[in-house]
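What follows is each chain in one-letter form.
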Amino acid sequence: VCFIQGGLDCSISFVSHVLGKVCVHGRQKEILGVLVPRLTDLTKSDCIWQRICWRLVECVPDRWMEAVVLGFVQRAPGADTLSRLLGSLVVKNKKAQFVVTQKMLLLQYGHTTAVLQNLLGYLSLDSLRRTLLLRVLQELLETWSSSSAVKHSPAEQQLYISKAILICLSHLKEPEIESCRQELLTSMMEGVKCHLDSNLPQLRRLGMVVAESISLKINTEGPILKFEYEEDDETRELKSLLVQIPPFCGVPSLPDDESEKAGAELPLVPESNEKPHSASPVMPDEESDAELDSDDDLIPYDISEDKELKIKAPVYIRDCIEVLTGSKSEDVDKWEATVKALESLVRKNPTATREVSVELAKILLHLEEKTCIEGFVELRRRAQVAVLTTDPIPVAEYLTSQFYSLNYSLRQRMDILDVLVLAAQELSCPKFHGKTKHSDAQKPCIQLLPGSDSSKDWRRIVDERIKSKTRRFDMGQSHVEVASCPNKFNAIAGHFFFPLIQHFDRPLRTFDLLGEDHLVLGRLVHTLAILMYLAVNTVAVTAMGKALLEFVWVLRFHTDSYVRQGLLSCVSSLLLSVPAEWILADMTEELLETQSWLGDVMEKDPDGDCRRLALQNLLLMENLKKKLETVPS
């Protein structure tokens, strides 16, 4: 600094080389942890130190530029500080421009939200850099609205790109929004369609939030886009990014003496929430007479002892059918009582139910809610499960045949899958006697929310099965004693499984599993995996395993991550349910091909759950191999 102030030339290229060399060799945290705070203080009010800092980073060789720029962006306390430290580096240096506008935004997605705010705020603080900000926003929107990117990139990267888009929007000024309004609208329409087509709830919610934010920016006066979704911490964080926080918005702290003086000068605020009394205006006589004539002084009737009239529910199955379908369905109260009592009535009268089981299943499948009855969907589903468990074979044949029939909505087809799974669980799991802490953990369950991610359920299911096969030498808590009752699912597993797997590749006019209806395909794959899991120790388990492995092999390269998760869950079910000897005897070649495919998924699949499930399946195969090697021949 002394040389510069004295008018002498000096070079800091050697220091720049040292800085780049240290950063690229992994000591970025150590050197910049000391250098950045020091330079931050020196450049606050000294323009000479600002020029020195700019030259310091500009003289770093291109091969080390990425490590230095990344370190400055990560450790700068704010965008204004980063602007002082780097200057217009991204305009002068192509390597730095590539790192800032391409690599850190489009090729990486592990940086924190604070780093994104630093980076994009830095681009917005100078007129020369704002052109790069607009270009970055355009490229981010192209990626966000690309159907290929939505299908093949992980959810974490989609969230990262969404955050970057919202931060860019928060920095746009009105003339800039006006100049690119049409491009924003086009990208919004294409992007929200791609995200709503996804089977993952997180991606659909991301698309809704970003589309709402873009609509809010481009339609300042007219109506804005609005979706219905459940807000969580992630959506609230995303919406907060659209509001730009000033760099200095905090209240400056005062010294103790001054704060006491300032506190003494402030007017006293009463602690109570009562409003200060003000002088009431004088009311004219006419208005006071009108107040006296009001209805406020009338004494209400006491209705505390009134009792609600209870509608008696039907006591016979055929009466229920008549209420749900006939002229009596116009009686809303009778209809509600019938829907609420149907499940218990079906379970108490199995003989009468079997006489009309298929007809009752058809009625329940098409039953629509006529009133705002609480829990209608759950009541209908439980009644369907009760009918199916009471008369399994004919009702299962009816439901599986209707799954591939015409004139059904996607919601009805997914209802069929849910009912089949719940009924199979009830038929296959014996009742537990006694109450212990682990009684609920003995039965697997399926997540029935539409479009939900069931990989968490499968993680628990597989972990429980592995845990049950592990020998433990400590006493621990006593296990639940299972009653020795027969597995009712044993003889009928094929009626649930094989009709569902037969016609998946035959498109209908209103239903195409291999096309646009991949949400239902994902639910079908998860359903087959659960049915395979529940078919352990059944007679048809080997035939089911072979058919399921062929099914998985056909769809193994599906583009939707939800479908791939289900396929990997199918492999887990097969390895856990089919006896090891039969697997190696009947499916040796298929198993080797599946092992190779699982290795590729574990290394290359963009979805984290798919990689985890693939690794889990490979470990199961390895354990299966070791188990067979230890068995004496």
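Residues numbered from 1 in each chain as written. Predicted model: local features only at pLDDT ≥ 70, side-chain atom pairs only at ≥ 80, totals over all residues. Heavy atoms only, no water.

(A) Looking closely at the overall build of the chain. The secondary structure content of the chain amounts to 32 helices and two strands. By residue count, 45% of the 633 residues in the chain fall in the buried class. Total accessible area on the chain stands at roughly 35900 Å², and carbon and sulfur atoms take up 55% of it. (Helix = DSSP H or I, 4+ residues; strand = E, 2+ residues; numbered from the N terminus. Buried < 20%, exposed > 50% of the residue type's maximum accessible area, 1.4 Å probe, protein only. Areas by Shrake-Rupley, 256 points an atom, 1.4 Å probe, with all protein chains shown as cover.)

(B) Expanded view of the pattern of salt bridges. Inspection of every chain in the model, using the stated rule, returns 24 salt bridges. A salt bridge links Glu378 to Arg381, with the shortest nitrogen-to-oxygen separation between them at 3.4 Å. Of this pair, Glu378 and Arg381 both sit in helix α22 (residues 376–390), separated by three residues, roughly a single helical turn. Judged by its relative accessible area of 10%, Arg381 is buried. Residue Asp418 pairs with Arg523 through a salt bridge whose shortest N-O separation is 2.7 Å. Of this pair, Asp418 sits in helix α24 (residues 410–428) while Arg523 sits in helix α27 (residues 518–534); the two residues are 105 residues apart in sequence, bridging distant segments of the chain. Looking at Arg523, the relative accessible area reads 4%, which means it is buried. When salt bridges that share partners are traced, they join Glu378, Arg380, Arg381, Arg411, Asp415, Asp418 and Arg523 into one network. (Salt bridge = Lys/Arg side-chain N within 4 Å of Asp/Glu carboxyl O.)

(C) Region of the structure containing a negative patch on the surface. A cluster of acidic side chains, namely Glu550, Asp586, Glu589, Glu590 and Glu593, defines a negative patch on the protein surface. Among the elements that make up the negative patch, the one with the highest residue count is helix α31 (residues 588–604) (three residues). Position of Glu593 relative to the elements: it lies in helix α31. (Patch = residues over 30% accessible without salt bridge, like charges linked within 9 Å, V, L, I, M, F, W, Y side chains within 5 Å. Lys, Arg positive; Asp, Glu negative; His and termini not counted. Charge placed at Lys NZ, Arg CZ, Asp CG, Glu CD.)

(D) Representation of the confidence of the model for the chain. Per-residue pLDDT for the chain has a mean of 80; in total, 78% of the residues score no lower than 70. Predicted confidence for residues 247–288 stays below pLDDT 50, and this span has five contacts to residues more than four positions away or in other chains. Taken together, the stretch residues 432–456 has pLDDT below 50 and engages in 57 contacts with residues farther than four places along the chain or on a different chain. (pLDDT = per-residue confidence, 0-100. Contact = heavy atoms within 4.5 Å.)

(E) Structural context of the packing of aromatic side chains. The tally for this structure, following the rule as stated, stands at five aromatic pairs. Ring geometry for Phe497 against Phe498: centres 5.3 Å apart, planes inclined by 90 degrees, an arrangement best described as edge-to-face. On the basis of relative accessibility, which here comes to 0%, the residue Phe497 falls in the buried class. Classification of Phe498 by relative accessible area gives partly exposed; the value is 26%. The ring of Trp64 has Arg63 sitting right over it, with the charged end atom 4.4 Å from the ring centre. Above the ring of Tyr122, the side-chain terminus of Arg129 is found at 4.2 Å from the ring centroid. (Phe/Tyr/Trp six-rings, centres within 6.5 Å; stacked < 30°, edge-to-face > 60°. Lys NZ or Arg CZ within 6 Å of the ring centre and 35° of its normal.)

(F) Examining the environment of Cys59 more closely. Counting through the fold element by element, Cys59 comes out in the loop between α3 (47–58) and α4 (62–75). As a C-alpha pair, Cys59 and Ser16 span 43 residues in sequence and 5.7 Å in three-dimensional space. Aside from chain neighbours lying at most four places away, what touches Cys59 is Ser13, Ser16 and His17.

(G) Region of the structure containing a nonpolar patch on the surface. Residues Phe14, Val15 and Val18 make up a contiguous nonpolar surface patch of roughly 290 Å² in combined accessible area. You can see Val18 is positioned in helix α2 (residues 13–42).

(H) A look at the nonpolar core. One finds Phe403, Phe489, Phe496 and Leu524 to be the most contacted residues of the largest nonpolar core, which totals 93 residues. Per-element tally for this core: the top contributor is α27, with 11 residues. Beyond its immediate chain neighbours, meaning those up to four positions away, Phe496 contacts Leu388, Ala396, Thr400, Leu420, Ala423, Ala424, Leu427, Phe489 and Leu531. Counting 74 residues, the second-largest nonpolar core is a separate cluster that includes Leu82, Leu159, Ala211 and Leu238. (Core = buried A, V, L, I, M, F, W, Y, C linked by side-chain atoms within 4.5 Å.)

(I) Expanded view of the environment of Val115. With respect to the secondary-structure elements, Val115 resides in helix α8 (residues 113–124). A residue is classified by how much of its surface remains accessible, and Val115, at 7% relative accessible area, is buried. Linking Val115 and Ala79, residues 36 residues apart in sequence, is a C-alpha distance of 9.2 Å. If sequence neighbours within four positions are ignored, Val115 has contacts with Val73, Gln74 and Met104.

(J) Up close: helix α28 (residues 541–555). Taking 1.5 Å per residue, 15 residues should reach 21 Å; α28 reaches 21 Å between its end C-alpha atoms and fits that length. The set of residues buried in α28 consists of Val541, Thr542, Met544, Gly545, Ala547, Leu548, Leu549, Phe551, Val552 and Leu555. The elements touched by buried residues of α28 are α26 (493–502), α27, α29 (561–577), α30 (580–586) and α31. (Expected span 1.5 Å × (residues − 1).)

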